[in-house]
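Spelled out, the chains give:
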Amino acid sequence: MFDIPSLDLPSLISAGGRVRLPGSKSISNRVLLLAALSEGPTLVEDLLDSDDTRVMLAALRQLGCAIEETGPASVRVQGLGGRLPVREAALFLGNAGTAMRPLTAALSLLAAAQGARFELSGVPRMHERPIGDLVDALRQLGCPVACLQNEGYPPLRLGDGTVHPLRLDEPIRVRGDVSSQFLTALLLALPLVAQERDAVIEVTTELISKPYIEITLKLLQRFGVDVRREGWQRFTIPRGSRYASPGRIAVEADASSASYFIALGAIAPATPGTDGVVIEGVGTDSIQGDIRFIEAARLMGAEVEGDGNRLRVRRGAWPLKAIDLDCNHIPDAAMTLAVMALYADGTTTLRNIASWRVKETDRIAAMAIEGRKLGATIEEGADFIRITPPAGPAAGPPQGGAAPSGSSEPHAVGSVGAHGWRRASIHTYDDHRVAMCFSLAAFNPAGLPVRIEDPKCVGKTFPDYFETLFGVCHTPAERIPVICIDGPTASGKGTLAAELASRLGYHLLDSGALYRLVGLAAEREGLSTTEADLREPAHAERLGRLAAGLDVRFTPGKTWLEGEDVTEALRAEPAGMAASRVSAVPQVRAALVDLQLQMRHLPGLVADGRDMGTVIFPGAPLKIYLTASAEQRAQRRHKQLISKGIPAILDDLLADLKARDARDMNRAHAPLKPAEDAVLLDNSELDIEQSVQFVLNRWHGQQAFPVR
Ligand SMILES: Nc1ncnc2c1ncn2[C@@H]1O[C@H](COP(=O)(O)OP(=O)(O)OP(=O)(O)O)[C@@H](O)[C@H]1O
Ligand SMILES: Nc1ccn([C@H]2C[C@H](O)[C@@H](COP(=O)(O)O)O2)c(=O)n1
């Protein structure tokens, strides 16, 4: 997950390949609750690991439910059989509506029936999300429920520690037009108390998001409860209902999450050598309502085919076709249509979406404000949004150097808007769907990058969303930004590069490690690395072949040579000196070029070395030449070695360092020197943070995302 302030997406041009999606949030949280309420253990597989499911798991554990992790995406839940081992608890539910609503209902009924008391709260936005209709329904049933700040909103106190008789003699009346989760919550909770008589729910208004109710009913069935339904107005939980564990249940991949990749396949031309975007874990017979997003995507031009557990999406009509659609049946996935509308041949209207206004944020307002930043013309109403795409490509420099030679221009969109595409920094309102939707704006025809603020908000349902997206998107290497950090030894390049990569969410290339690996491999093969021997042409050839065939693997924080962990050995001073000698051999340098170029992955790269800016990435948009006085550098290295418990003599280090500088700067091939367009940074008087800030300021200044 990108836990950084903002993530810059370079302009993207094509997509293709397979994605495996995480489990459905709606199914995961329903299944966890049902398993906890049931008699007996349930093994839950393919569970979503996200903020909202973590919140539910933590709450259930706090309530005394034993939950054991049995694998990376599976848990065994020891069901409580409807009995409360914990009678008093304060549960924090973040911004998880799928935890707040069902737990409110289940715990209210159990607290009244068994004499318990619970407090449920969340983040400030959760305290603005209405729950009054559910509270009213629970009060009708005889449950003491108190709204602790504002009537009709969390935080809530459920129960008062004493037993209250429940009134099931009359139908429980609940509205269906604010959130279908109120009905879901009652449906999940009432089987706990319907032992003596039927429990009947009457929906008093038009029911929105019916597909989510279908999920609830199907899952209730899996856990042994058959609800009778008369239209969408009356639901009867039969007397004697009791939850029984199905033993094992697998969670389908999230159909709402699939919508971003369906849209991706519809918007992006297929990367050569692929046949569009293949989505695994969810298929056309999914029980999730958002699977009907496929129909809407097809209306807009997407070519989608699928089977029980897989979908394949290719671009069909282009530009996409504008639509006018009632989206009541796909409330979450419909947001993705709003972003597809940016690539349509006219104005798209999405109707019957009033529920967007009470989600993680006011989603109608959010989509309108952020879409306008990109250049779209957007009108919004209480329950609709109307989107006219930006006009054709705007003038503006492509990011990451020159536009790729020979790159096709695949995005000839109908020019219908008043403005062209604009470079935008997308505010995400702590709403995962806003972030995921607008990532697709990186395919804009103007070749502009898109900044996504607070990208970690995707953690609510899809923590690895951006990694998954980058795995199937393609853009010419020249568009992937590289920041080069070159300079002499111990100037702090590695430290600076690692910090920058971590703060920007970029990949890291420690090119010195490659030369160190060649030195180490040579030593292990018994090949001399003395300067005299390296001048022998036959010996230089052998070393070049050794470098070309290096059996090396990088894992987080570790380097492996022929299967052996050499992380420590590589950082030792003799390895640095050997690296300096072998790096003067042209055959060695040539052998390592491709390996370095291949490290240029989305969303960007920070490259540390001696010739990053001059030879390997000459078109890089930012090159830093980092120096400090030899004395300062020797002191830093001395301190570094001593702190690791490695004995070192300052004068010897200074002499070695000067010798290394001389060799690195004076060799014939790719000598250490600043690139002509490099920014010189002498950090003798700067601490690490000051150096990092210097480069970040420079980088952000260069990106020029307008602040609006
Ligand atoms: N600006 C700075 N001020 C003080 N110390 C620093 C600064 N930058 C880095 N250091 C420290 O200097 C030491 C050497 O830094 P680092 O290993 O990053 O250098 P390097 O240029 O990558 O060296 P090499 O080229 O040999 O790999 C580290 O202990 C690091 O913490
Ligand atoms: N791009 C590079 C990186 C490193 N080298 C050589 C010269 C250095 O002295 C040696 C070790 O590098 P370090 O790990 O200390 O950064 O490798 C080079 O020639 N070109």
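Small disclaimer: the values here were computed from a predicted structure and weren't measured. (Residues numbered from 1 in each chain as written. Chains lettered and ligands numbered in written order. Predicted model: local features only at pLDDT ≥ 70, side-chain atom pairs only at ≥ 80, totals over all residues. Heavy atoms only, no water.)

**Q** If you had to explain the overall build of the protein to someone new, which residues and values would you point to?
**A** Of regular secondary structure, the protein possesses 23 helices and 33 strands. When the backbone C-alpha atoms are referred to their principal axes, the protein occupies close to 95 × 60 × 45 Å. Burial analysis of the protein (708 residues in total) assigns 58% to the buried set. Taking as baseline every contact in the protein between residues at least 6 positions apart, the subset at least 24 positions apart corresponds to 78%. Element-wise, carbon and sulfur atoms account for 50% of the exposed surface of the protein, whose accessible area totals about 26800 Å². (Helix = DSSP H or I, 4+ residues; strand = E, 2+ residues; numbered from the N terminus. Buried < 20%, exposed > 50% of the residue type's maximum accessible area, 1.4 Å probe, protein only. Contact = heavy atoms within 4.5 Å. Areas by Shrake-Rupley, 256 points an atom, 1.4 Å probe, with all protein chains shown as cover.)

**Q** I'd like a description of the site of ligand 1, backed by residues and values.
**A** Close to ligand 1 lie 20 residues; Thr489, Lys493, Gly494, Thr495 and Arg571 are nearest. Arg636 is positioned such that a nitrogen or oxygen atom in its side chain is 3.3 Å from a nitrogen atom of ligand 1. Burial of ligand 1 by the protein amounts to 83% of the accessible area it has alone, namely 630 Å². Listing elements by their share of the shell around ligand 1, those giving two or more residues are helix 13 (493-504), helix 21 (630-643) and helix 23 (688-703). Here the residues of the shell around ligand 1 are counted per class, giving four nonpolar, eight polar and eight charged. (Near = heavy atom within 4 Å. Polar contact = N/O pair within 3.5 Å; in protein donor to acceptor, adjacent residues only side chain to side chain. Nonpolar A, V, L, I, M, F, W, Y, C, P; charged D, E, K, R; others polar.)

**Q** Explain the sheet that holds strand 4 (residues 41-45) residue by residue, including any values.
**A** What the four strands build is an open sheet, ordered 5-6-4-15; its pairing is mixed. Because the sheet does not close on itself, it has two edges, and the strands there are strand 5 (66-71) and strand 15 (248-250). On average, each strand axis in the sheet is inclined to that of its neighbour by 20 degrees, with strand direction left out of account. Pairing analysis gives five bridges linking strand 5 to strand 6 (residues 74-78), with the strands arranged antiparallel. Paired with Ile67 across the two strands is Val77, which belongs to strand 6. Strands strand 4, strand 6 and strand 15 of the sheet are contacted by helix 1 (residues 25-37), whose axis makes an angle of about 30 degrees with strand 6. (Pairing = 2+ DSSP bridges. Axes fitted to C-alpha atoms, helices over the stretch in contact; angles between N-to-C directions.)

**Q** Tell me what's going on with helix 10 (residues 363-373), and back it up with residues and numbers.
**A** For helix 10, the buried fraction is high: nine of the eleven residues fall into the buried class. By the burial criterion, the buried members of helix 10 are Arg363, Ile364, Ala365, Ala366, Met367, Ala368, Glu370, Gly371 and Lys373. The elements touched by buried residues of helix 10 are helix 9 (334-340), strand 21 (377-381), strand 22 (384-388), strand 23 (424-426) and helix 11 (432-439). Between a side-chain oxygen at the N-terminus of helix 10 and the backbone nitrogen of Ile364 the separation is 3.2 Å; the capping residue is Asp362.

**Q** Residues and numbers for the packing of aromatic side chains, please.
**A** One pair of aromatic rings is described through two measures. These are the centre distance and the angle between the planes. One pass over the full model with this rule turns up eleven aromatic pairs. Aromatic pair Trp232 and Phe235: ring centres 6.5 Å apart, planes at 50 degrees, arrangement tilted. The exposure classification of Trp232 matches that of Phe235, with both residues buried. Taking the centre distance of 6.1 Å and the plane angle of 50 degrees together, the rings of Phe261 and Phe462 count as tilted. Highlighted residues: Phe261 in helix 7 (residues 255-267) and Phe462 in the loop between strand 24 (450-453) and helix 12 (465-472), separated in sequence by 201 residues. In this arrangement the basic side chain of Arg229 is found over the ring face of Trp232, its NZ or CZ atom lying 3.9 Å from the centre. For Arg423, the ring lying beneath its charged end belongs to Phe705, and the centroid distance is 5.5 Å. (Phe/Tyr/Trp six-rings, centres within 6.5 Å; stacked < 30°, edge-to-face > 60°. Lys NZ or Arg CZ within 6 Å of the ring centre and 35° of its normal.)

**Q** Explain the sheet that holds strand 23 to me, using residue names and the numbers behind them.
**A** Judged by pairing direction, the sheet is mixed, and its three strands sit side by side in the order 1-24-23 without closing on themselves. Sheet topology places strand 1 (6-9) and strand 23 at the edges, where each strand pairs with a single neighbour. Mean inter-strand twist for the sheet, computed between neighbouring axes without regard to direction, equals 20 degrees.

**Q** Explain the pairing of strand 32 (residues 622-627) to me, using residue names and the numbers behind them.
**A** Within strand 32, five of the six residues are buried, leaving the element largely enclosed by the surrounding structure. Sheet topology places strand 26 (residues 482-486) next to strand 32; four bridges connect them, and they run parallel. Of the residues in strand 32, the one forming a bridge with Cys484 is Lys623.

**Q** I'd like to hear about the packing of helix 1 against helix 6 (residues 210-222), residue by residue, with values.
**A** Close contact between helix 1 and helix 6 brings their axes to 11 Å; oriented N to C, the two are set at 35 degrees. For the pair helix 1 and helix 6, the crossing hand works out as right-handed. Along the contact surface, helix 1 presents Ser26, Ile27, Arg30, Val31 and Leu34, while helix 6 presents Tyr212, Ile215, Thr216, Leu219 and Leu220. Taken together, the residues that form the contact of helix 1 with helix 6 break down as seven nonpolar, two polar and one charged. (Left-handed = near helix turned anticlockwise from the far one by under 90°.)

**Q** Tell me what's going on with the pairing of strand 21, and back it up with residues and numbers.
**A** Of the strand pairs in this sheet, strand 21 and strand 22 are connected by five bridges, and their pairing is antiparallel. Each bridged residue has a counterpart across the sheet, and for Glu380 the counterpart in strand 22 is Ile385. Here strand 21 hands over to strand 22 after two residues, the two strands then running antiparallel side by side.

**Q** Describe the site of ligand 2, with residues and values.
**A** Around ligand 2, the surrounding shell holds 16 residues, and the nearest of these are Arg516, Arg589, Asp611, Arg660 and Asp664. Measuring from an oxygen atom of ligand 2, one finds a side-chain N or O atom of Arg589 at 2.8 Å. A distance of 2.8 Å separates an oxygen atom of ligand 2 from a polar atom in the side chain of Arg660. Protein chains shield 98% of the accessible area of ligand 2, which is 440 Å² for the free molecule.

**Q** Which residues make up the side chain of Glu370, and what values go with them?
**A** Secondary-structure assignment places Glu370 in helix 10. Exposure remark for Glu370: the relative accessible area of 0% places this residue in the buried category. The residues contacting Glu370, other than those within four sequence positions of it, are Ser425, Ile426, His427, Tyr429 and Phe438.

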